[in-house]
Amino acid sequence: MTQPVDQFKRPLRDLRISVTDRCNFRCAYCMPADVYHEKFEFTPHEQILRYEEITRLARIAVGLGVVKLRITGGEPLVRRDIVELVEQLTHIDGVEDVAMTTNGSLLEAVAQPLKDAGLARVTVSLDSLDNDVFRRMNGGKADVAPVLAGIRAAERAGMTPIKINAVVQRGVNDHTIVDLARFCKDHGYILRFIEFMDVGTRNGWKLDQVVPAKEIIQRIDAELPLEPLESNYFGEVAERHRYRDGGGEIGVIASVTQPFCGTCTRLRLSADGSIYTCLFALRGVSLRDPMRAGATDEELSAILAGVWKKRTDRYSEIRTEQTAADKKVEMYYIGG
């Protein structure tokens, strides 16, 4: 089947695979602890896709033009035997890149096995180097130290270049962004600041908590001079800048103040087998149900292509404080 394009002529190139809706952190911008408490009911195990099912759907997506796979969660490293999935995905013909986004707290022990299985790169979420701020943001679930240990283990294993993601909230961690930038610059990590987004409806998003990309760049530039860079490829979400002294780069993902819907090439697969065409979507389309009912690869491919061809998503371009309150799928469920 030929590569599908959506209603705005955007091609399908990237598949983000959520392997679990569970996480060992309770970050307020994603899984606030007062909602996702000990009695919260996550997706039952039997409804979660098996690794063989994930690999089958990923192979079908690659047949439609996907070249990049990213393993997400929840927190992907809380799922048992995740190395087995990595090995399966990296053996799919046509895949150019398999990466993972993780909070890094469990990464130290599995970094080398993941690399040996074929994982090319990791992106680690690290919202602050200040331990008190970091714990405040992750619901008091972890210190910075194990995350840094995980990053170092990934570096030793050769999963480079390592990217660091940091969600910025005004009045919470924005006073620590220069220190984080300096740390990443000194260690050769690629830092991506992310504007606080209105994903789902449970993170208490308010526009006045957003630190705009322009302000983030200005703050860094005042201490570590920057200059703009061109995009690496069509669909890259980060606005990139490099340090004028040649010491690496940073980027800002500005979904709120500088929407990039026009070049979005990403499809998301939830842990229970539904596909979502936007991070801010309300509902998905199940591939698990027809697959378990006996659908052929051709039939599943037709469903996937049909969903993409009908796609009209451009949420970030029409966002208002009113739309922020609209019902949307939660980020922990489909990955960031």
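Cut-off values and rules
- Residues numbered from 1 in each chain as written.
- Predicted model: local features only at pLDDT ≥ 70, side-chain atom pairs only at ≥ 80, totals over all residues.
- Heavy atoms only, no water.
- Buried < 20%, exposed > 50% of the residue type's maximum accessible area, 1.4 Å probe, protein only.
- Helix = DSSP H or I, 4+ residues; strand = E, 2+ residues; numbered from the N terminus.
- Arc of directions from axis to C-beta.
- Contact = heavy atoms within 4.5 Å.
- Pairing = 2+ DSSP bridges.
- Core = buried A, V, L, I, M, F, W, Y, C linked by side-chain atoms within 4.5 Å.
- Axes fitted to C-alpha atoms, helices over the stretch in contact; angles between N-to-C directions.
- Parallel < 35°, antiparallel > 145°, perpendicular 65-115°, else oblique.
- Left-handed = near helix turned anticlockwise from the far one by under 90°.
- Nonpolar A, V, L, I, M, F, W, Y, C, P; charged D, E, K, R; others polar.
- Expected span 1.5 Å × (residues − 1).
- Salt bridge = Lys/Arg side-chain N within 4 Å of Asp/Glu carboxyl O.

Caption draft 1: Structural context of helix 2 (residues 82-90). For helix 2, the set of buried residues is Ile82, Leu85, Val86 and Leu89. Projection of helix 2 onto a plane perpendicular to its axis shows the buried side chains occupying an angular sector of 100 degrees, all on one side. Contacts from the buried residues of helix 2 go to strand 1 (14-18), helix 1 (51-63), strand 2 (68-72), strand 3 (97-102) and helix 3 (111-117).

Caption draft 2: Structural detail: the pairing of strand 9 (residues 249-253). Taking burial as the measure, the five residues of strand 9 include five buried ones, the bulk of the element. In the sheet, strand 6 (residues 190-195) pairs with strand 9 via four bridges, with the strands oriented parallel. Across the sheet, the residue bridging to Leu191 is Ile250, located in strand 9. The pairing of strand 8 (residues 238-243) with strand 9 spans five bridges and is antiparallel. If you follow His241 over to strand 9, its bridge partner there is Ile250. Where strand 8 folds back onto strand 9 in an antiparallel hairpin, the turn is made up of five residues, including Gly246, whose phi is positive at roughly 85 degrees.

Caption draft 3: Quick peek at the nonpolar core. Ranked by size, the top nonpolar core spans 111 residues in total, and within it Leu69, Phe193 and Ile220 carry the most contacts. In this structure Ile220 touches Ile177, Val178, Ala181, Phe193, Pro225, Leu226, Tyr243 and Ile250, once residues within four positions along its chain are discounted.

Caption draft 4: Spatial organisation of the environment of Arg136. Structurally, Arg136 is set in helix 4 (residues 131-137). On the basis of relative accessible area, Arg136 is assigned to the exposed category, the value being 53%. A sequence separation of 197 residues divides Arg136 from Tyr333, and the C-alpha atoms of the two residues are 22 Å apart. Among all residues touching Arg136, those that are not within four sequence positions of it are Gly171 and Val172.

Caption draft 5: Just the packing of helix 6 (residues 177-187) against helix 7 (residues 213-223), in detail. Running from N to C, helix 6 and helix 7 point in directions that differ by 60 degrees, and their axes come no closer than 10 Å. Overall, the two elements helix 6 and helix 7 adopt an arrangement that is oblique. Crossing of helix 6 over helix 7 shows right-handed handedness. Between helix 6, through Ile177, Val178, Ala181 and Arg182, and helix 7, the contact on the second element is made entirely by Ile216, Arg219, Ile220 and Glu223. Looking at the contact of helix 6 with helix 7 residue by residue, the class counts come to five nonpolar, no polar and three charged.

Caption draft 6: Main features of the sheet that holds strand 10 (residues 266-269). The strand order 7-8-9-6-5-4-3-2-1-10-11-12 describes an open sheet built from twelve strands, whose pairing is mixed. Taken across any chain shown, the strands that pair with only one partner, and hence form the sheet edges, are strand 7 (226-228) and strand 12 (285-286). Pairing geometry for strand 3 and strand 4 (residues 121-125), over four bridges, is parallel. Following the sheet pairing, Ala99 is matched in strand 4 by Arg121.

Caption draft 7: Quick peek at the packing of helix 1 against helix 2. Relative to each other, helix 1 and helix 2 sit at 25 degrees, their axes nearing to 10 Å. When the interaxial angle is binned, helix 1 and helix 2 end up roughly parallel. Crossing of helix 1 against helix 2: the hand is right-handed. Along the contact surface, helix 1 presents Tyr51, Glu52, Ile54, Thr55 and Ala58, while helix 2 presents Ile82, Glu84, Leu85, Gln88 and Leu89. The residue makeup of the contact of helix 1 with helix 2, split by class, is six nonpolar, two polar and two charged.

Caption draft 8: Examining helix 5 (residues 144-157) more closely. Here helix 5 is 14 residues long and its end C-alpha atoms lie 20 Å apart, about the 20 Å a rise of 1.5 Å per residue gives. Every buried residue of helix 5 is listed here: Val144, Val147, Leu148, Ala149, Gly150, Ile151, Ala153, Ala154 and Ala157. For helix 5, the secondary structure elements touched by its buried residues are helix 3, strand 4, helix 4, strand 5 (163-168) and helix 6. Downstream of helix 5 by one or two residues, Gly158 has phi in the positive range, about 95 degrees.

Caption draft 9: Unusual backbone geometry, seen in detail. Note the cis peptide between Gly73 and Gly74, where omega equals 15 degrees. Within the secondary structure, Gly74 sits in the loop between strand 2 and helix 2. Unusually for a residue other than glycine, Asp81 sits at a positive phi of about 55 degrees. Turning to its location among the elements, Asp81 is positioned in the loop between strand 2 and helix 2.

Caption draft 10: Just the pattern of salt bridges, in detail. In this structure the tally under the stated criterion is 19 salt bridges. We note a salt bridge from Glu215 to Arg170, for which the minimum N-O separation is 2.8 Å. Within this pair, whereas Glu215 is found in helix 7, its partner Arg170 is found in the loop between strand 5 and helix 6, the two being separated by 45 residues in sequence. Judged by relative accessible area, Glu215 falls into the partly exposed class, the value being 23%. Residue class for Arg170 comes out partly exposed when judged on its relative accessible area of 30%. Arg242 is paired through a salt bridge with Glu227; the nearest N and O atoms lie 2.7 Å apart. Here the residue Arg242 occupies a position in strand 8, and Glu227 occupies one in strand 7, the gap between them amounting to 15 residues. With a relative accessible area of 40%, Arg242 lands in the partly exposed category.

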